[in-house]
Amino acid sequence: MKVIILSAGVGSRLRPYTNKIPKCLVKVANLSILDHQLKVFKSFGLDEKSISIVGGYLFKKLKNYNINLIENKRFEETNMVFSFFHGLKKIGLDDDIIISYGDIIFEEFILNQLLNCNYPISIVADKEWEKLWQLRMEDILSDAETFKYDLNKNIFEIGKKPKAISEIDAQYIGLIKIKKEYLKRIFAIYKNLYSKKMNNIKDIDNIYMTDFIEKLIKSKLPVKACLIEGGWLEVDSTKDLEIYNKLHRQKKLNKYCNLE
């Protein structure tokens, strides 16, 4: 098992906290987002040799970490999907892969749930997402995305703009597991995007992960929901960060995510 943490972006919505450090090094509850993640991964025996981070913005700030550092020098003009495949080229296709966004924090039970989801492609999604969204914003539909799956947990829609809560069976959290047997097929689908003349290469470089997941679904790959109920945080904005740190000082953050 290998881990790729995607953290190349500028994190502009977290400024001024990201003026001098990348987003993954911003501190929540006195520990950086990256350190929170590494603590969980290492608790399951995933050591430094198996963990990679794809950085970009202020990449040199990651040099103190004894993990596999991969630089996306095109971070200003590319998105997470590009970073993922850039990282995958470096680490190879010989192991199962866990993909984690660099701006999320999650409890150990979530990683345990993902490791026990024995699907070819497992997408972690929170059924109790409304509780966290209500904490972070007044209009929860303004930042939520659609997520729909059938009785067998096959995902058939993800990442669209919802018009109603009923369109959201759960909320994708930015954590994925892919079995090694499917990595070559997924890589081929990605490379095929560049070969289609109808696509603008710039648009492909900036494709969202949810859009790429939808392409995998349309290619008939088995993409399934790995369902959780709370126990995680998304650190997307200064408002998020300040809310979480205030709750931590008040010893109330554990209602949403236990970081002890």
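Residues numbered from 1 in each chain as written. Predicted model: local features only at pLDDT ≥ 70, side-chain atom pairs only at ≥ 80, totals over all residues. Heavy atoms only, no water.

(A) Spotlight on the overall build of the chain. From N to C terminus, the chain includes 8 helices and 13 strands. The C-alpha atoms of the chain give 17 Å as radius of gyration, which agrees with the globular expectation for 260 residues (18 Å, within 12%). Within the chain, the proportion of its 260 residues that are buried is 55%. Sequence-distant contacts in the chain: of pairs separated by 6 or more residues, those separated by 24 or more amount to 73%. Of the accessible surface of the chain, which amounts to about 12,800 Å², a share of 46% is contributed by carbon and sulfur atoms. (Helix = DSSP H or I, 4+ residues; strand = E, 2+ residues; numbered from the N terminus. Rg over C-alpha atoms; globule rule 2.2 N^0.38 Å. Buried < 20%, exposed > 50% of the residue type's maximum accessible area, 1.4 Å probe, protein only. Contact = heavy atoms within 4.5 Å. Areas by Shrake-Rupley, 256 points an atom, 1.4 Å probe, with all protein chains shown as cover.)

(B) Broad picture of the packing of helix H2 (residues 80–91) against helix H5 (residues 183–195). The contact between H2 and H5 brings their axes to 12 Å, and the two run at 125°. The orientation of H2 relative to H5 falls into the category oblique. The crossing of H2 and H5 is left-handed. Across the interface between the two elements, Val81, Phe82, Phe85, Leu88 and Lys89 of H2 pack against Leu183, Ile186, Phe187, Tyr190 and Tyr194 of H5. For the contact of H2 with H5, the residue count by class is 9 nonpolar, no polar and 1 charged. (Axes fitted to C-alpha atoms, helices over the stretch in contact; angles between N-to-C directions. Parallel < 35°, antiparallel > 145°, perpendicular 65-115°, else oblique. Left-handed = near helix turned anticlockwise from the far one by under 90°. Nonpolar A, V, L, I, M, F, W, Y, C, P; charged D, E, K, R; others polar.)

(C) Representation of the pattern of salt bridges within the structure. For the coordinates displayed, the defined rule picks out 11 salt bridges. For aspartate 95, the salt bridge goes to lysine 2, with nearest N and O atoms at 3.6 Å. Here the residue aspartate 95 occupies a position in the loop between H2 and strand S6 (97–101), and lysine 2 occupies one in strand S1 (residues 2–7), the gap between them amounting to 93 residues. What makes lysine 2 partly exposed here is its relative accessible area of 23%. Salt bridges sharing common partners tie together Arg13, Lys23, Asp103 and Asp236. (Salt bridge = Lys/Arg side-chain N within 4 Å of Asp/Glu carboxyl O.)

(D) Highlighting the state of the cysteines. Using the criterion set out here, one finds 1 disulfide in the structure. Residue pairing for cysteine 117: its cysteine sulfur links by disulfide to cysteine 226, the two sulfurs lying 2.5 Å apart. Disulfide cysteine 117-cysteine 226: the torsion about the S-S bond is 80°, which places it as right-handed. Of this pair, cysteine 117 sits in the loop between helix H3 (108–116) and strand S8 (121–126) while cysteine 226 sits in strand S12 (residues 223–228), placing them 109 residues apart in sequence. We classify cysteine 226 as buried; its relative accessible area is 1%. We note that cysteine 24 lacks a disulfide partner, and the nearest cysteine sulfur, in cysteine 257, lies 17 Å from it. Assessed through its relative accessible area of 1%, cysteine 24 is described here as buried. Left without a disulfide partner, cysteine 257 is nearest to the cysteine sulfur of cysteine 226, which lies 16 Å away. (Disulfide = S-S within 2.5 Å.)

(E) Representation of the packing of aromatic side chains. Applying the stated criterion to the full structure yields 11 aromatic pairs. Both rings, one in tyrosine 101 and one in tyrosine 172, keep their centres 5.6 Å apart while their planes meet at 85°; by these two values the pair is edge-to-face. You can see tyrosine 101 sitting in strand S6 and its partner tyrosine 172 sitting in strand S11 (residues 171–178), a full 71 residues away along the chain. Comparing tyrosine 101 with tyrosine 172 shows no difference in burial state: the two are buried. Here the aromatic rings of tryptophan 133 and tryptophan 232 are separated by 6.0 Å at their centres, their planes lie at 45°, and the arrangement is tilted. Here tryptophan 232 lies in strand S13 (residues 232–234) and tryptophan 133 lies in helix H4 (residues 129–136), a separation of 99 residues in the sequence. Here tryptophan 133 and tryptophan 232 have matching classes, each one buried. (Phe/Tyr/Trp six-rings, centres within 6.5 Å; stacked < 30°, edge-to-face > 60°.)

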